[in-house]
Amino acid sequence: MFQRALRNDPVDLAIIVLSVTATLLLYSELTALGIVAWVIAYGALLGVVVTRLRPRWQGVLRQSVGGLVILTFAVTPPLTTDEVSSAPVAWLSMGFVLVLLSALPMIEAIAGYVGVRIANVPGLTVIPPVPLLKRLLHVVVLAAPALLFLLSRLHVDGWFWTLVAVPIGLTVLVIYAIAWLRQRTSRRTRSALPGALAALKPDFVVYWDAPANTGFQLAMWLPYLRRLDRPFFIMLRNRRSWNDAVAVAGDVPVVLAPTMRDVDELTVPSLRVAFYTNNAARNTHFVRFQKLTHIQLLHGESDKAPSYNPVTAMYDRVYVAGQAGQDRYARHGVLIDPRKFVIVGRPQVESILPASAGARDRPHPVALYAPTWRGIRLDSSYTSLDVAEEIVEDLLARGCAVMFRPHPWSYKDPSHRAINERIQQRLGAHRSQTGVPHVFGDEAERLRSVNDCVNDSDLMISDVSSVVGDFLYSLKPLITTAFGRDLAEFMAEFPLARAGYVITDDRATWAAAFDDALGPDSRRTIREEMREYYLGSFPADDYASGFIDAARRDIDGTPPIGHAEAETDGESD
């Protein structure tokens with residue numbers, strides 16, 4: 001327990017040192033100083049633990065076990081004298097509490113036992129976790145040192161010390177009992193799971209491996225996968241994204257398959273097709289099933305690097321929105337058999353309405369400003385948030401009503417979060433002063449979908465992202481940012497930008513782009529041509545049929561390219 005503090009966090013080490021000091025002072029009969037040191041150490045420990053509890057309740061106290069044990073032992077000096085009646089009982093209670101505190105990492109692990117995770121699988125149930133138990137454990141464990149310290153200072157009879165030990169013991173007992181029941185149920189459910197999935201006779205599976213807070217990857221495709229009217233389930237690989245998957249799955253069965261053995265056993269015989277929404281490394285664990293047709297969907301249409309990742313070549317089919325999606329790979333030197341590509345459109349844009357009037361025809365044209373986040377690497381950062389406040393001021397000066405919808409991950413960056421908040425405050429103040437109907441905060445980011453924002457706007461300013469491709473379907477004026485980049489190189493790398501106007505570090509480009517987008521809109525014809533190139537030519541009244549028809553054909557047995565060739569080669573030998 002002490003090595004963990006030395007290894008992980010100097011704050012934990014400082015608490016241990018302070019706790020040892022308090023113990024030595026109390027045993028040296030420097031009672032006043034000892035009490036002060038104990039209170040400071042306990043307060044520091046409490047503050048650290050509460051801070052760690054905010055994001056999660058699992059595995060937090062184990063880092064503070066050393067401090068808890070020492071602070072609890074520090075209450076024992078009065079037990080070595082005749083100041084406390086029934087001292088042996090108090091010692092037993094104290095020993096019991098110390099043993100439980102020392103075993104806290106194991107107890108927390110048992111309280112957090114997960115077992116098999118399934119949702120919406122007919123005929124199977126699991127006992128869900130009981131978060132209240134973990135919270136109760138934390139409360140009694142954190143309260144124990146303070147209560148024992150109070151009892152020792154007041155020289156309370158030793159039998160009263162059991163009132164601290166018993167609640168902790170009962171809590172641990174209940175945790176063990178429920179964990180035992182959950183484990184038994186989980187094992188039975190896990191044994192029955194392959195059969196239960198097989199009974200569903202699923203035609204396809206959505207194989208999903210992604211970090212937490214990326215449920216949008218599933219959410220954008222599930223409505224159209226449901227419209228295939230074929231039984232299917234979601235196979236999830238990452239425990240951290242379980243809540244994301246269940247939140248968007250609705251009534252679709254979801255199973256967690258964390259190990260290769262799980263993957264093997266849950267790949268039931270009726271499966272014909274596997275859909276993927278990203279190029280996660282563990283996708284290789286599933287493409288090895290050669291009897292399946294493996295189809296990559298990705299989760300957005302853009303000119304960003306993930307849309308021409310060489311890894312995509314390992315799938316049997318690559319669904320792209322338009323011819324641009326296929327040409328993008330070749331343009332970047334990624335050679336994939338052309339027969340693997342299937343143009344299916346971008347079904348998510350089917351609810352986007354075409355432009356009904358020019359932005360110049362409204363007293364306060366609505367400008368949707370949708371900056372992206374910083375990205376993982378500096379060389380793939382396309383965000384304009386560093387100059388976002390200036391962009392907003394320029395739009396306000398032109399009489400626009402601003403709809404501000406930053407990427408949700410931009411809030412993870414403290415500096416960009418601050419920019420988002422300042423812009424929201426500025427728009428709120430301007431709306432109050434002028435009555436211009438700006439839209440921001442929850443109203444733009446939660447209460448409205450991306451498509452709602454597109455339909456409610458007259459033009460858009462955005463960075464390189466999939467939102468640009470979706471907005472293109474509306475044929476409304478589009479402005480793309482290219483800060484910190486050579487314009488010629490930018491246009492070559494991101495040809496979708498030719499559909500609208502581009503603003504750069506040169507402020508002269510801002511005035512030209514805003515004036516044209518809000519006025520004559522000279523690039524309207526180019527957008528019409530590029531919409532078909534990027535998003536296909538499917539009829540507006542049945543746009544999603546491109547995807548639905550292609551998926552049904554693959555499910556119904558059209559052999560995948562690579563597998564068909566392998567079978568032919570085998571017959572010729």
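A brief structural summary. Values in this document were obtained by computation on a predicted structure and should not be read as measured data. (Residues numbered from 1 in each chain as written. Predicted model: local features only at pLDDT ≥ 70, side-chain atom pairs only at ≥ 80, totals over all residues. Heavy atoms only, no water.)

Considerations on the overall build of the protein chain
Selection rule: A run of DSSP states H or I qualifies as a helix once it reaches four residues; a run of E qualifies as a strand once it reaches two. Both are numbered from the N-terminal end. We call a residue buried when its accessible area falls under 20% of the maximum for its residue type, exposed when it is over 50%, and partly exposed in between, using a 1.4 Å probe and counting protein chains only. We call two residues in contact when some of their heavy atoms are within 4.5 Å. Here the Shrake-Rupley method, with its probe set to 1.4 Å, supplies the accessible areas, and only the displayed protein chains count as covering residues. Residues scored as positive are Lys and Arg, those scored as negative are Asp and Glu, and His as well as the terminal groups of each chain are ignored. To locate a charge, take NZ of a lysine, CZ of an arginine, CG of an aspartate or CD of a glutamate.
Secondary structure summary: the protein chain contains 24 helices and 13 strands in total. Considered along the principal axes of its C-alpha atoms, the protein chain spans approximately 95 × 70 × 40 Å. The proportion of buried residues among the 573 residues of the protein chain is 52%. Pairs at least 24 apart in sequence give 69% of the contacts found in the protein chain among residues at least 6 apart. A total accessible area of about 25,700 Å² is found for the protein chain, and carbon and sulfur atoms account for 59% of it. Of note, the protein chain has its 57 positive side-chain charges centred 6 Å away from the centre of its 59 negative side-chain charges.

Overview of the pairing of strand E10 (residues 401-404)
The criterion, for reference: When DSSP finds two or more bridges between a pair of strands, those strands are recorded as paired.
Neither face of E10 is left uncovered, since the one carrying Ala401 and Met403 and the one carrying Val402 and Phe404 both have all their residues buried. Across 4 bridges, strand E9 (residues 366-370) lies against E10 in parallel orientation. Within E10, the residue paired with Leu368 across the bridge is Met403.

Section: the packing of aromatic side chains
Heads up, the rule is: A pair of aromatic rings is counted whenever rings of Phe, Tyr or Trp (Trp by its six-membered ring) have centres within 6.5 Å, and the orientation is called stacked for planes under 30 degrees apart, edge-to-face for over 60 and tilted otherwise.
A complete count under the given rule lists 18 aromatic pairs for this structure. Ring geometry for Trp373 versus Trp409: centroids 4.9 Å apart, planes at 80 degrees, classification edge-to-face. Within this pair, whereas Trp373 is found in the loop between E9 and helix H15 (388-397), its partner Trp409 is found in the loop between E10 and helix H16 (414-434), the two being separated by 36 residues in sequence. Overall, the relative accessible area of 22% leaves Trp373 in the partly exposed class. Seen in terms of ring centroids, Phe538 and Tyr543 are 6.0 Å apart; in terms of plane orientation they differ by 85 degrees. Their pairing is edge-to-face. Residue class for Phe538 comes out partly exposed when judged on its relative accessible area of 25%.

Quick notes on unusual backbone geometry
Despite not being glycine, Asp229 shows a phi value in the positive range, around 55 degrees. Within the secondary structure, Asp229 is located in the loop between helix H10 (222-226) and strand E3 (232-236). Judged by its relative accessible area of 62%, Asp229 falls in the exposed class. The phi dihedral of Asp521 falls on the positive side, at around 55 degrees, and the residue is not glycine. Along the chain, Asp521 falls in the loop between helix H21 (507-517) and helix H22 (524-535).

As for the sheet that holds strand E12 (residues 478-481)
In plain terms, the rule: For helices, the fitted axis covers only the stretch in contact; all axes are lines through C-alpha atoms, and the angles between them, taken along N-to-C directions, range from 0 to 180 degrees.
Read from one edge of the open sheet, 5 strands run E10-E9-E11-E12-E13, paired in parallel fashion. In this open sheet, the two strands that pair with only one neighbour each are E10 and strand E13 (501-503). Neighbouring strand axes in the sheet, compared pairwise and without regard to direction, differ in orientation by 20 degrees on average. Here H15 sits on the sheet in contact with E9, E10, strand E11 (459-462) and E13, set at roughly 175 degrees to E9.

Describing the packing of H15 against H21
Under the convention used in this document: Each angle receives one of four descriptions, namely roughly parallel if under 35 degrees, roughly antiparallel if over 145, roughly perpendicular if within 65 to 115, and oblique otherwise. By definition, any crossing whose near helix is turned counterclockwise from its far helix by less than a right angle is left-handed, and any crossing with a clockwise turn is right-handed. Gly counts as polar in this scheme, as do all residues outside two lists: the nonpolar Ala, Val, Leu, Ile, Met, Phe, Trp, Tyr, Cys and Pro, and the charged Asp, Glu, Lys and Arg.
Viewed as axis vectors pointing N to C, H15 and H21 meet at an angle of 40 degrees, and their least axial separation amounts to 12 Å. In this view, H15 runs oblique relative to H21, as classed from their interaxial angle. Between H15 and H21 the crossing geometry is right-handed. Residues Glu390, Ile391, Asp394 and Leu395 of H15 touch H21, and the partners they reach there are Arg507, Trp510 and Phe514. The residue inventory of the contact of H15 with H21, partitioned by class, reads 4 nonpolar, no polar and 3 charged.

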